[in-house]
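Secondary and tertiary structure notes
Given next are the chains, with one letter for each unit.
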Amino acid sequence: MAQKLYIQTNGCQMNEYDSDKMRDVLQASHGMELTEFPELADVLLLNTCSIREKAQEKVFSAIGRWKKIKDKRPDVIIGVGGCVASQEGAALQKRAPYVDIVFGPQTLHRLPELLNQARKGQQHVVDISFPEIEKFDALPAPRAEGPKAYVSVMEGCSKYCTYCVVPYTRGEEVSRPLNDVIAEITTLAEQGVREINLLGQNVNAYRGETADGEIASFALLLHYVAAVDGIDRIRFTTSHPLEFTDDIIEAFAEIPELVNHLHLPVQSGSNRILAEMKRGHKREDYLEIIRKMKAVRPGISLSSDFIIGFPGETEQDFADTMDLIETVGFDFSYSFIFSPRPGTPAANYIDEVSIATKEQRLQILKERLNDMTMAFSDAMIGTVQSVLVEGASKKNPLHLTGRTENNRVINFAAHPRLIGQFVDVLVTEALPNSLRGRVVETSIEKITQIA
Ligand code: SAH
Ligand code: SF4
Ligand code: F3S
């Protein structure tokens with residue numbers, strides 16, 4: 001019987017992508033199969049996140065539960081990967097000696113070897129090195145699961161914002177060669193993938209080598225991806241305002257496959273705080289990008305991340321953030337209270353803002369952002385949206401579910417043969433977390449022709 005693998009994934013889409021790759025390598029090397037039940041697993045892997053304190057706390061509660069499984073079945077192997085593993089390394093096993101393997105985001109392809117070492121009785125196997133791009137060369141060919149796929153194009157971050165752990169956990173920016181990325185996307189498209197989400201901690205910092213030794217920019221990559229047969233929708237996460245150059249904005253004008261949505265985190269609307277965060281740009285630079293994007297893509301859906309209560313944030317700084325969201329008009333956003341991360345400069349900044357004030361500010365921001373989200377959804381009622389059909393709806397198996405260009409979940413009645421295709425759906429209702437709609441006639445005509 002095949003050995004069973006259980007993987008728990010915390011954190012961002014890069015971790016989701018990496019977890020899929022962990023499954024792929026262990027399937028190729030050890031014939032392992034995923035299980036949904038940790039109690040049945042031979043190998044338990046935790047892919048961790050350390051972006052905020054709360055994320056990090058999840059590590060010890062998860063592996064604490066797994067220890068009980070290992071107490072009963074001592075042959076079980078426990079591995080911890082991802083950003084906490086990268087930061088803590090062997091220290092993790094000091095606190096939790098029952099963890100057999102500690103591996104980093106760049107060494108997951110070495111899991112088969114690390115597992116063999118652990119099984120041979122070697123205690124505390126650790127590999128959290130940064131062997132640059134080796135990981136991607138060592139991975140099995142990608143397998144499509146449905147019509148959407150993530151493709152990691154660059155790793156790491158060299159921006160060193162003063163609050164952030166990513167440059168320490170993932171290393172400096174490294175890009176995959178252009179041909180490798182396109183080959184991966186072509187393989188996925190051949191398996192029916194229609195939407196690609198290009199991933200990177202700073203995806204627009206992509207600088208990939210071309211076959212003739214030149215350097216391809218992110219904008220050029222977008223053109224190449226759009227040219228792959230079968231790829232009709234392109235997203236990317238996460239981009240940074242600093243390298244959001246005019247050629248990327250032009251790409252939005254020229255490439256219809258690029259969705260009418262952009263996630264561009266600004267973190268704060270205050271120039272003083274942006275400087276303290278070492279973001280490298282001013283609020284005016286951000287607004288200028290947004291102005292240009294709205295010019296090439298009228299009605300574009302915009303989203304952002306915000307950090308509230310950065311050390312020294314004054315009422316005026318907060319007011320500047322509130323003012324920026326009014327100027328931009330975000331479709332949806334993520335907002336967090338500043339979490340001091342060990343080893344980052346901002347962890348040592350004097351912070352006199354009380355937690356009560358921070359929570360109050362976060363509440364005010366969230367309420368306003370939620371209102372904006374609902375207004376955006378309401379404005380979608382009566383419009384026809386292009387939807388990539390993903391499968392049966394969770395709540396009603398007779399209905400199908402898919403996503404609009406601005407990533408709203410939309411449910412509608414239609415024949416299951418539409419799964420994996422784009423359909424035009426008229427939005428009829430906006431609910432807090434999803435939309436309802438019906439397939440419009442033009443699409444039905446198209447479908448009948450195919451049928
Ligand atoms: N590279 C992306 C963000 C990656 S981290 C960018 O620069 O925009 C995802 C989000 O987590 C960040 O945008 C930020 O809003 C939040 N974040 C990062 N470090 C944080 C910290 N120490 N405290 C609170 N939020 C944080
Ligand atoms: Fe972190 Fe800043 Fe890099 Fe984003 S750009 S990953 S916030 S250091
Ligand atoms: Fe978390 Fe690492 Fe992603 S810290 S957000 S898993 S890059």
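One can find the structure itself at the top, above this paragraph.
Because the structure is a prediction, the values reported are computed rather than measured. For every chain, the first residue of the written sequence is number 1, and numbering continues from 1 along that sequence. Written order decides the labels, with chains lettered from A and ligands numbered from 1. Totals for whole chains, interfaces and linings use all residues, but because this is a predicted model, local features are given only for residues with pLDDT of at least 70 and pairs of side-chain atoms are given and counted only at 80 or more. With hydrogens and water set aside, each side-chain value is computed from the structure's full complement of heavy atoms.

**Here's the deal with the overall build of the protein**
Put simply, DSSP H or I for four residues or longer makes a helix, DSSP E for two residues or longer makes a strand, and each gets a number counted from the N terminus. Scanning the protein from terminus to terminus reveals 15 helices and 21 strands. A globule of 451 residues ought to have a C-alpha radius of gyration of about 22 Å, and the protein, at 23 Å, matches this closely. Viewed in the frame of its principal axes, the protein has a C-alpha envelope of about 65 × 65 × 50 Å. Contacts in the protein between residues far apart in sequence, at least 24 positions, make up 73% of those at least 6 positions apart. Charge separation in the protein, taken as the distance between the mean sites of 49 positive and 62 negative side-chain charges, equals 6 Å. In this description the radius of gyration comes from C-alpha coordinates, and the expected globular size is given by 2.2 Å times residues to the power 0.38. The contact criterion used throughout is that any non-hydrogen atoms of two residues lie within 4.5 Å. Residues scored as positive are Lys and Arg, those scored as negative are Asp and Glu, and His as well as the terminal groups of each chain are ignored. In plain terms, the charge of a residue is placed at NZ if it is Lys, CZ if Arg, CG if Asp and CD if Glu.

**Structural notes on the sheet that holds strand β14 (residues 261–263)**
Paired strands, in this sense, are two strands between which DSSP finds at least two bridges. If you trace the three strands from one edge of the open sheet to the other, you get β14-β15-β16, paired in parallel fashion. Edge positions in the sheet fall to β14 and β16 (332–337), since each of these pairs with one other strand and no more. Here the average twist between neighbouring strands, direction ignored, is 10 degrees. Here strand β15 (residues 301–308) pairs with β16 via six bridges, running parallel. By the bridge assignment, Phe 306 is partnered in β16 with Ser 335. To get an axis, fit a line to the C-alpha atoms, keeping to the stretch in contact for a helix; angles then go from 0 to 180 degrees between the N-to-C directions.

**A look at the side chain of Thr 373**
By secondary structure assignment, the location of Thr 373 is in helix α14 (residues 355–380). Here Thr 373 is in contact with Phe 330, Asp 331, Phe 332 and Arg 408, once residues within four sequence places are set aside.

**Thoughts on the site of ligand 1**
Within the structure, ligand 1 sits among 16 residues, and Gln 201, Gln 267, Arg 279, Asp 305 and Ser 339 are positioned closest to it. Whenever two N or O atoms come within 3.5 Å, that pair is a polar contact, provided that in protein one can donate a hydrogen and the other can accept it, and provided that, for residues adjacent in sequence, both atoms are side-chain atoms. Tyr 163 is positioned with one of its backbone polar atoms (N or O) 3.0 Å from a nitrogen atom of ligand 1. In the model, an oxygen atom of ligand 1 is placed 2.7 Å from a nitrogen or oxygen of the Gln 267 side chain. To be clear on the numbers: accessible area is Shrake-Rupley with a 1.4 Å probe, and residue cover counts the displayed protein chains and nothing else. Against a free-state accessible area of 550 Å², the protein chains account for coverage of 90% of ligand 1. Of all the elements in the fold, those that place two or more residues in the shell around ligand 1 are β15 and β16. Residues are grouped as follows: nonpolar covers Ala, Val, Leu, Ile, Met, Phe, Trp, Tyr, Cys and Pro; charged covers Asp, Glu, Lys and Arg; every other residue, Gly included, is treated as polar. Taken together, the residues that form the shell around ligand 1 break down as seven nonpolar, five polar and four charged. For this purpose, a residue is taken to be near a molecule or strand whenever a single non-hydrogen atom of the residue falls within 4 Å of it.

**Here's the deal with the side chain of Thr 169**
If you trace the backbone, Thr 169 turns up in helix α7 (residues 166–170). Residue classification places Thr 169 among the buried positions, given a relative accessible area of 0%. Those residues within four positions of Thr 169 in sequence are excluded, and the remaining contacts are Ser 50, Cys 83, Ser 86, Gln 87, Pro 105 and Phe 130. Three exposure classes are used, based on accessible area relative to the maximum for each residue type with a 1.4 Å probe and protein chains only: buried under 20%, partly exposed in between, and exposed over 50%.

**Points about the nonpolar core**
Judged by nonpolar contacts, the single largest core of 56 residues is most densely connected at Leu 198, Leu 221, Leu 222, Phe 236 and Phe 244. Sequence-distant contacts of Leu 222, that is, excluding residues within four places in its chain, are made with Leu 198, Ile 234, Phe 236, Ile 248, Ala 251, Ile 255 and Leu 258. Note on terminology: a nonpolar core comprises buried Ala, Val, Leu, Ile, Met, Phe, Trp, Tyr and Cys residues joined through side-chain atoms within 4.5 Å. The next biggest cluster of nonpolar side chains, apart from the first, holds 22 residues, and it includes Met 22, Leu 26, Met 32 and Leu 45.

**Some details on the environment of Cys 161**
Among the structural elements, Cys 161 can be located in the loop between β8 (154–155) and α7. Sequence-wise, Cys 161 and Pro 345 are 184 residues apart; in three dimensions their C-alpha atoms are separated by 8.7 Å. Sequence-distant contacts of Cys 161, that is, excluding residues within four places in its chain, are made with Met 277, Lys 278 and Arg 279.

**Some words on the sheet that holds strand β20 (residues 422–430)**
The five strands are arranged β17-β18-β19-β21-β20 in a closed barrel whose pairing can be described as mixed. Across the sheet, the mean angle from the axis of one strand to that of its neighbour is 50 degrees, orientation sign disregarded. Taken together, the five bridges between β20 and strand β21 (residues 435–439) define a ladder with antiparallel strand orientation. Bridge pairing in β21 places Val 427 opposite Gly 437.

**Here's the deal with helix α12 (residues 283–296)**
The terminal C-alpha atoms of α12, which comprises 14 residues, lie 20 Å apart, in line with the 20 Å expected from a rise of 1.5 Å per residue. All of the buried residues in α12 are Arg 283, Tyr 286, Ile 289, Ile 290 and Met 293. Seen end-on, α12 carries its buried residues on one side only, within an arc spanning 125 degrees. Under the convention used throughout, the expected extent of a helix is 1.5 Å for every residue step, that is, one less than its residue count. Directions are taken from the helix axis to each C-beta atom, and the arc is the one they span.

Worth remembering: the numbers are spatial, not functional.
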